[in-house]
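A closer look at the structure
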Amino acid sequence: MSVTTPALLPSFLSGSWTNPSDAAQDGVAELRDASTGAVVGLMPKASADLASAFEYARTAGRDSLGDLTFHERALRLKALAQHLTANKDRLYELSAKTGATRIDSMVDVDGGIGVLFTMASKGRRELPNATVIPDGPTEVLSKDGSFIGEHVYSRIPGVAVQINAFNFPVWGMLEKLAPAFLAGVPTIAKPATPSSYLAVECVKIMDESGLLPEGSLQIVAGGARDILEHIDYRDMVSFTGSAGTAAKLRTEALARNARFTSEADSLNAAILGRDVEEGSAEFSAFVRAVVTEMTVKAGQKCTAIRRVIVPHAMVEPVQKAVAARIAEKTVVGDPRTEGTTMGALVSEDQLRDVREAVSRLEAAGGRNVLDPLPVPEGGAFMSPVLLVWEDAEATELHEVEAFGPVTSVLGYETDDDAVRLAARGAGSLVATVCTADPKTAARLTLGIAGHHGRVHILNAETARSSTGHGSPVPHLVHGGPGRAGGGEELGGIRSVKHHMQRSAIQGSPNMLTAVTGQWHRGAERRISGEPEFGGSPELEHPFRKSLAELEIGDAFVSALRTVRREDIQAFAEETGDTFYAHTNEEAAAANPFFPGIVAHGYLLVSWAAGLFVSPEPGPVLANYGLENLRFITPVAAGDSIRVELTAKRITPRETDEYGEVAWDALLVNQDGETVATYDVLTLVAKTR
Ligand code: NDP
């Protein structure tokens with residue numbers, strides 16, 4: 001069901017769609033179509049029952065998500081993304097009412113769904129099929145190895161509160177939801193008033209799918225000015241919006257000891273390298289990027305380019321090329337009208353704010369060089385503004401953000417100058433560096449990186465393939481220091497970890513094995529194989545066990561095998577690896593690492609496979625790699641090696657008839673010294 005006009009926008013709280021009981025008394029805000037001014041919906045100003053919503057998230061939400069592993073959550077996210085895709089026409093219809101063109105809506109709607117798909121896929125590929133994530137290697141804290149330590153991520157014990165900006169109601173909500181959901185943390189979303197009806201519709205579609213675990217996602221349509229009164233140290237607040245609101249909410253959240261991350265307005269830059277000539281592929285790509293960032297979403301993007309920093313001599317060519325492209329390509333109008341390429345700002349209020357900011361910039365020295373484009377009567381339409389500055393040092397140029405189709409062009413002398421000017425944004429989300437010269441790219445990028453969350457390097461090689469200056473991608477970090485809010489979102493699995501607590505866990509190998517679900521060296525094993533080295537002939541070789549039967553700690557130990565000089569020679573001849581350490585006694589002995597001729601590491605690893613394998617057909621389906629291979633003690637002719645193989649990590653795949661098993665492999669010599677260590681990665685059938 002779409003939102004009918006003008007209906008009171010419901011919240012989805014405590015498991016049902018609801019309105020505050022006193023909505024009529026406290027009044028409503030009218031939500032208007034950005035192009036026509038028609039009332040699209042009404043939003044209650046009063047707060048809904050947030051206390052119950054938080055309680056519901058802390059109980060039902062945490063329980064339902066806690067019942068699922070990372071992989072199960074990832075599969076839910078994928079299914080939600082598929083369901084949203086099937087219903088996205090409903091979102092597009094409403095998105096147009098916010099002033100968004102079809103392309104703008106793709107960024108918001110398909111971009112948001114794309115984050116769900118990407119995070120679902122990363123969750124299954126990069127996380128264990130478990131509920132905790134071990135972080136980094138084990139630290140051995142006692143000489144005998146009985147006391148060890150390790151870092152472990154477990155989900156934060158509270159609620160993920162997201163407070164979103166008006167400009168990307170779908171993307172903004174889904175890019176925050178995906179990592180929280182994967183981490184197992186329930187979300188309460190507060191959309192911005194002007195485009196709230198679109199966020200609410202998105203949640204409706206997800207709710208209708210029946211795929212949302214109970215209490216995992218709630219949305220409050222209303223002022224919700226008291227939302228942070230319900231948080232405490234267990235919770236996390238992720239905010240997107242103005243720097244002013246960010247500062248206020250940060251203080252409130254920190255006073256309650258909650259985590260707070262913000263993504264606020266920033267004056268992003270694009271720098272044109274001194275090597276770039278007019279008419280070159282880089283020049284054209286730069287101009288295209290500037291115009292795209294001015295006009296997509298009518299410039300209402302936190303990542304939009306606000307300062308175009310070019311060599312003095314290029315100020316005029318850039319300004320003319322930008323003006324020509326805008327005159328040629330930009331048609332301002334109702335996004336539902338054929339031919340429109342730039343829609344309206346989200347509201348009359350926003351239009352007024354942007355005009356005020358432009359007036360301030362003009363008063364400080366910015367000169368608009370664009371001829372006004374025709375704009376329709378009524379609605380929040382605005383013609384693009386390109387301000388050219390004589391004085392690149394003017395304070396307002398680096399401080400006043402006009403959150404619309406507005407950008408400034410300023411000149412620079414040296415690369416250091418360009419870096420310094422970009423840095424005057426005092427912390428930004430993203431900057432583009434456009435150059436054909438790798439040295440210039442390195443100098444400018446490293447010069448500005450500390451002031452930016454992301455640097456996008458543009459040249460002829462990336463002109464067609466780049467995802468663009470203004471598009472955060474789920475794989476990479478979105479956020480920036482200083483004025484940009486100091487927060488960090490996305491960045492692949494990093495964003496999941498933002499919703500988790502990293503704890504140092506200390507104890508014995510057995511205890512850490514129990515806590516992490518992964519076998520640790522020194523923990524108990526059930527060993528089959530060679531009795532001389534602790535193997536029990538009664539126990540089955542772990543390769544004979546299906547995934548259902550196999551347990552971490554199931555192990556096999558081999559007998560010793562002696563390495564002869566002829567073996568080394570034969571391996572050298574067979575493989576062609578006649579490196580002197582394996583073939584030339586004198587040269588090998590002169591090498592400080594070797595006693596003389598030594599066996600090839602790959603010979604030892606190949607032999608190890610022969611020593612541990614159980615060759616008959618069985619549940620082990622494939623060996624798909626080795627990880628963390630280290631050769632530690634060299635093996636000379638006359639030495640012997642044996643192998644210990646222990647099931648370390650078992651990862652069932654939810655949708656396949658098999659799972660992954662990582663085996664801890666330890667090669668030792670006749671004296672018990674470690675020769676090599678690595679993990680063997682196999683696929684094992686779920687049943688025999
Ligand atoms: P605001 O900072 O005013 O609002 C952002 C969000 O915070 C909205 O959901 C808003 O709700 C909510 N909010 C405001 N005050 C409170 C409060 N006391 N308690 C709880 N929630 C609160 O930004 P706007 O969306 O109005 O945009 C204003 C400016 O912010 C833009 O002109 C632009 O400069 C910047 N901006 C930056 C963005 C970025 O991504 N970095 C994106 C969008 C805007 P409600 O809408 O109901 O007031």
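Residues numbered from 1 in each chain as written. Predicted model: local features only at pLDDT ≥ 70, side-chain atom pairs only at ≥ 80, totals over all residues. Heavy atoms only, no water.

Looking at an unreviewed UniProt entry, one finds the protein chain named Oxepin-CoA hydrolase/3-oxo-5,6-dehydrosuberyl-CoA semialdehyde dehydrogenase and attributed to Falsarthrobacter nasiphocae.

**Some remarks on the overall build of the protein chain**
When helices and strands are tallied, the protein chain shows 20 helices and 29 strands. With respect to the three principal axes, the spread of C-alpha positions in the protein chain is 90 × 65 × 45 Å. Within the protein chain, the fraction of its 688 residues that count as buried is 56%. Pairs at least 24 apart in sequence give 73% of the contacts found in the protein chain among residues at least 6 apart. Taking the average place of the 64 positive charges on the side chains of the protein chain and the average place of its 88 negative ones, the gap between the two points comes to 2 Å. (Helix = DSSP H or I, 4+ residues; strand = E, 2+ residues; numbered from the N terminus. Buried < 20%, exposed > 50% of the residue type's maximum accessible area, 1.4 Å probe, protein only. Contact = heavy atoms within 4.5 Å. Lys, Arg positive; Asp, Glu negative; His and termini not counted. Charge placed at Lys NZ, Arg CZ, Asp CG, Glu CD.)

**A word on the site of the ligand**
Taken together, 25 residues form the shell around the ligand, and within it N164, T193, S242, C302 and E401 come nearest. Taking T193, its side chain carries an N or O atom lying 2.5 Å from an oxygen atom of the ligand. In isolation the ligand exposes 880 Å². Once the protein is present, 86% of that is buried. Counting only elements with at least two residues in the shell around the ligand, the list comes to β11 (236-241), α8 (243-255) and β12 (259-264). Taken together, the residues of the shell around the ligand break down into 11 nonpolar, eight polar and six charged. (Near = heavy atom within 4 Å. Polar contact = N/O pair within 3.5 Å; in protein donor to acceptor, adjacent residues only side chain to side chain. Areas by Shrake-Rupley, 256 points an atom, 1.4 Å probe, with all protein chains shown as cover. Nonpolar A, V, L, I, M, F, W, Y, C, P; charged D, E, K, R; others polar.)

**Some points on the side chain of D415**
For D415, the location among the structural elements is in helix α13 (residues 415-423). The exposure class of D415 is buried, given its relative accessible area of 5%. For D415, the side chain forms a polar contact with the side chain of R274, separated by 3.0 Å. Beyond its immediate sequence surroundings of up to four residues, D415 is in contact with R274, T440, R443 and L444.

**Observations regarding the environment of M500**
Structurally, M500 can be placed in strand β22 (residues 500-507). A residue is classified by how much of its surface remains accessible, and M500, at 2% relative accessible area, is buried. In this view, M500 contacts F70, T131, I133, Y153, S154, R155, I156, A183 and R259; residues no more than four positions away in its chain are not counted.

**Quick notes on the pattern of salt bridges**
With the rule as written, the count across this model stands at 38 salt bridges. With a closest N to O distance of 3.1 Å, R688 and E540 form a salt bridge. Separated by 148 residues along the polypeptide, R688 in the segment after β29 (674-685) and E540 in the loop between β23 (526-529) and β24 (554-557) bring together distant segments of the chain. Looking at R688, the relative accessible area reads 58%, which means it is exposed. Between E566 and R564 there is a salt bridge whose closest N-O contact spans 3.6 Å. Overall, R564 belongs to the partly exposed group, its relative accessible area being 44%. A network of salt bridges, in which partner residues are shared, links E393, D417, R420 and R424. (Salt bridge = Lys/Arg side-chain N within 4 Å of Asp/Glu carboxyl O.)

**Concerning the UniProt feature "domain: Aldehyde dehydrogenase" (unreviewed entry) in the protein chain**
UniProt's feature table lists "domain: Aldehyde dehydrogenase" (unreviewed entry) at residues 29-466, given in the numbering used throughout. Helix makes up 41% of residues 29-466 and strand 21%, with an end-to-end C-alpha separation of 40 Å. (UniProt positions renumbered as here; feature names shortened; annotations may be inferred.)

**Regarding the domain arrangement of the protein chain**
Split by domain assignment, the protein chain resolves into domain 1 (11-135 + 156-227 + 240-257), domain 2 (268-471) and domain 3 (525-685). Contacts between domain 1 and domain 3 engage six residues on the former and four residues on the latter. Note on domain 1 versus domain 3: buried area summed over both sides is about 470 Å², and carbon and sulfur give 54% of it. Broken down residue by residue, the surface that domain 1 buries against domain 3 is led by L75, R124 and N129, which jointly contribute 67%. The interface formed by domain 1 and domain 3 contains zero salt bridges. Run the count over domain 1 and domain 3 and you get three residue pairs in polar contact (both at pLDDT 80 or more). (Domains from an automatic or database assignment. Buried area = accessible area lost by both parts, 1.4 Å probe.)

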